[in-house]
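As a plain string of letters, each chain reads:
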Amino acid sequence: MPYYRSLLLSFLLLALALLTGLLLDTPIGSSLPSLFGHAHDPLTRQLLLELRLPRVLSAAASGALLACAGAAAQYQFRNALAEPGLIGVSGGAALAAALALEAGLGGGLVAMTAFVGGLVALWLTWRLAGPRSPSSQLILAGVAINALTGSLLTLLIATLPDDSLRTVTFWLMGSFASVNWRQASALLIALPPVWVLLWRHWRYLNLLQLGDAATFHAGYPLARGRLQVVALAALATSLVVANCGMIGFVGLMAPHLARLITGADARRVLLLAPLLGALLAVIADTISRLAIAPAELPVGVITSLAGAPFFLWLMRRALMGSDNARA
Amino acid sequence: MLVLEHASLRDRIEDVSLQLRPGEVLALIGPNGAGKSSLLSLLSGLTMPDRGQALLGDTPLRHLSAGHLARHRAVLEQRTEVATGFTVREVIAMGSYLHGHANTTALAVALARVEGLLERRLSTLSGGETQRVLLARALAQLLGSTESERYLLLDEPTAALDIGMADGLMLQIGRIAKQHRIGVLAVVHDLNLGLRHADRVALLDRGHLVACGPTAEVMQRSRLEEVYGVRLAELIHDEHEDLRAFVPLPPHES
């Protein structure tokens, strides 16, 4: 599919998914007018504006941020299986965020603590695996770090008397159900700069696929590029985790779908992947809201249900060495 | 000029002084482990000497940014990652990222003779094709630069090539060097390629520069025998006396 058409199509699909997510399971007849202020039904209006709208917008922004982080990790580590959840960033961010909440810190500080936690966990994973390790080793190190942060998180929440920390499920499987406008706007405001700043590194990230030395020889200093890309990926992930918990596999799937559609060029993938990530997250959130209504599923259940087989498929391709053939 | 002045690097390079001039082809030869790749890496500015200096003109390489260096020299690495999923066209275009325009890639594509490969994926190419594509990328980087002094550092450019391809590539590299006044340093394992295509030869042995000078002077049988530890026969073509080749002989019976 031509690149610009795929961008446009993703954008249209995203708009459609947002509208569907917003309006599904509401008295649709009264919804549209109520949005524009001619409401006769204040309850529906309140449902839409105070609950549904921040929710779908957070889902979209989170999906896009996770896709940014996933794409950044995949290019930076030259590893098709890298994903914020799999390489420990999400786990570290979640643990740090929970600790910050327990210490009674406010919204901005929680996100910042999560950022530091994510960076530390990523650094640990990277060191454990060794800088020039094959795919599998980075993932194995990520498994270890995830097990550690996951159990510490569970321990932390289990030993707390009150339920102020939300629940283990919230952190481990993620949810957009309880986001408010403050959280939604934090995500929406952070997305454009993260997206643009990361996209500006497309040349560096492309060259990196030829190797570290080749990148330097072509005129791009390694340390600066790596620092900025890794920091942006950790920032994107920790913002999502601090506000919506750990939502797995979106950061894995979106960049890969983008590569399948437009090829490996980071200039295109870094634009398309966040759109696809937003689309995936909004769809997953809508399903998680409606699948067992009136109860809710954590959104991570849906993304993992779709993502785990996808991961296995990727791993199989990588193991069989046919990774090169198509994507 | 790209210069090493009494450069040393840990236990790999020992007090080496060397100059690479615009327009010449300098072959860097020596046994395995002699430090050829380390020396190339010093000249490229990727690693810094522990003692001595690496210079571009009068400026130490350590004072030049990666971008500045890249406008003066390009490198064909011995090993690169496979760049899964990238097309040849995309890989060659990476050479012109620094310059912000793509019109130099056409010349690079023609010089490296990769016109027919542009839409293929890099990972589906043979070793020889990959080598030519990476050469085209390096050329695109140099030819796009408006600097007057430009250097091309090649780490075993012919490693994956058959005898005909290797000779053709070196011939082409020699032409490019003369036409575009690019100084070329090529690490070669095949002595006869050096003999045939280099203006000058630098012979490295266990980190020391044994000899450096015009090809015929440096590549003398006795010296090569000593450095490589093999007996060599020197063959001279009946009609072209300047066409020489070295062939290893079986060791003496003892």
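The written sequence of each chain sets the order in which its residues are numbered from 1. Whichever chain is written first becomes A and whichever ligand is written first becomes 1, with later ones labelled in order. Thresholds applied to this predicted model are a pLDDT of at least 70 for local features of residues and 80 or more for the giving and counting of side-chain atom pairs; totals over whole chains, interfaces and linings are not thresholded and use all residues. The basis for every side-chain value is the complete set of non-hydrogen atoms in the structure, without hydrogens or water.

**Here we look at the nonpolar core**
At step 1: The biggest cluster of nonpolar side chains holds 167 residues, and the ones touching the most others in it are Trp171(A), Leu4(B), Leu39(B), Ile92(B), Val133(B), Leu152(B) and Val184(B).
At step 2: Per the convention used, a helix needs a DSSP run of H or I reaching at least four residues, while a strand needs a run of E reaching at least two, with both numbered from the N terminus. With 14 residues, helix α3 (residues 42-76) of chain A is the single largest residue contributor to this core.
At step 3: Two domains each put at least three residues into this core: domain 1 (2-219) and domain 2 (224-254) of chain B.
At step 4: Not counting chain neighbours up to four residues away, the residues in contact with Val133(B) comprise Val88(B), Val91(B), Ile92(B), Val114(B), Leu117(B), Leu122(B) and Leu125(B).
At step 5: Of all hydrophobic cores here, the second largest spans twelve residues; its members include Val89(A), Ala129(A), Val230(A) and Ala234(A). Put simply, a nonpolar core is a bunch of buried Ala, Val, Leu, Ile, Met, Phe, Trp, Tyr and Cys residues held in one set by side-chain atoms that sit within 4.5 Å of each other. Three exposure classes are used, based on accessible area relative to the maximum for each residue type with a 1.4 Å probe and protein chains only: buried under 20%, partly exposed in between, and exposed over 50%. Residue ranges labeled as domains rest on an automatic or database domain assignment. Whether two residues are in contact is decided by their heavy atoms, any of which lying within 4.5 Å being enough.

**Let's talk about the side chain of Thr262(A)**
Residues and elements named next belong to chain A.
At step 1: Structurally, Thr262 is set in helix α12 (residues 250-262).
At step 2: Accessibility expressed as a relative area gives 11% for Thr262, which makes it buried.
At step 3: Discounting residues that sit within four places of it in the chain, Thr262 has contacts with Tyr3, Arg268 and Leu272.

**Brief notes about the sheet that holds strand β10 (residues 208-214) of chain B**
All names here are of chain B.
At step 1: Taken in spatial order, the six strands of this open sheet run β6-β7-β8-β3-β9-β10, and their pairing is mixed. If you trace the sheet from one side to the other, it starts and ends with β6 (73-76) and β10, each paired once. Neighbour-to-neighbour, the strand axes of this sheet turn through a mean angle of 15°, independent of strand direction.
At step 2: When strand β9 (residues 200-205) meets β10, the two strands line up antiparallel, connected through six bridges. Here, any two strands with at least 2 DSSP bridges between them count as paired. Angles run from 0 to 180 degrees between N-to-C directions of axes, and those axes are lines fitted to C-alpha atoms, restricted for helices to the stretch in contact.

**Some thoughts on the UniProt feature "transmembrane region" (unreviewed entry) in chain A**
Residues and elements named next belong to chain A.
At step 1: Under the local residue numbering, the UniProt record ascribes the feature "transmembrane region" (unreviewed entry) to residues 55-73, 80-101, 107-126, 138-160, 229-257, 269-291 and 297-315.
At step 2: Secondary structure across residues 80-101 comprises 59% helix and 0% strand; the distance between its end C-alpha atoms is 34 Å.
At step 3: The distance separating the terminal C-alpha atoms of residues 269-291 is 31 Å; by composition the span is 96% helix and 0% strand. UniProt positions are given in the numbering used here, feature names are shortened, and annotations may be inferred rather than shown by experiment.

**A short note on the domain arrangement of chain B**
Residue and element names in this part refer to chain B.
At step 1: Along its sequence, chain B is organised into domain 1 (2-219) and domain 2 (224-254).
At step 2: Each of domain 1 and domain 2 was reduced to a C-alpha centroid, and the two centroids are 27 Å apart.
At step 3: Between domain 1 and domain 2, the contact holds 13 residues from the first and seven residues from the second.
At step 4: Breaking the side of domain 1 that touches domain 2 down by element, the ones donating at least two residues are α7 (191-197) and β9.
At step 5: Per element, the largest residue contribution to the side of domain 1 that touches domain 2 is four residues, and it comes from α7.
At step 6: Each residue is assigned to one of three groups, with Ala, Val, Leu, Ile, Met, Phe, Trp, Tyr, Cys and Pro labelled nonpolar, Asp, Glu, Lys and Arg labelled charged, and all others, Gly among them, labelled polar. Of the residues that constitute the side of domain 1 that touches domain 2, the class distribution is nine nonpolar, two polar and two charged.

**So, unusual backbone geometry**
Residue and element names in this part refer to chain B.
At step 1: A positive phi is found at Glu156, a non-glycine position, where the angle reads about 50°.
At step 2: Mapped onto the secondary structure, Glu156 falls in the loop between β7 (150-155) and α6 (163-179).
At step 3: A positive phi is found at Arg206, a non-glycine position, where the angle reads about 45°.
At step 4: Examined against the element boundaries, Arg206 turns out to sit in the loop between β9 and β10.

**A closer look at the interface of chain B and chain A**
At step 1: Of the residues lining the interface, 28 residues belong to chain B; the matching set on chain A comes to 26 residues.
At step 2: Think of a salt bridge as a Lys or Arg side-chain nitrogen and an Asp or Glu carboxyl oxygen that are within 4 Å of each other. Run the count over chain B and chain A and you get zero salt bridges.
At step 3: In protein, a polar contact requires one atom able to donate a hydrogen and another able to accept it; more generally it is a pair of N or O atoms within 3.5 Å, and residues adjacent in sequence count only if both atoms are side-chain atoms. Here chain B and chain A share eight residue pairs in polar contact (both at pLDDT 80 or more) between them.
At step 4: With four residues, helix α2 (residues 66-72) of chain B is the single largest residue contributor to the side of chain B that touches chain A.
At step 5: For the side of chain B that touches chain A, a count of residues per class yields 14 nonpolar, eight polar and six charged.

**Re the confidence of the model for chain A**
Residues and elements named next belong to chain A.
At step 1: On average, residues of chain A carry a pLDDT of 85, and 88% of them reach 70 or more.
At step 2: You can read pLDDT as the predictor saying how much it trusts each residue, on a scale of 0 to 100. The element-level mean pLDDT for chain A is lowest in helix α15 (residues 323-326), coming to 43, with helix α8 (residues 181-199) highest at 95.
At step 3: Predicted confidence is poor over residues 322-327, with pLDDT under 50, and the contacts of this stretch with residues over four places away or in other chains come to 14 contacts.

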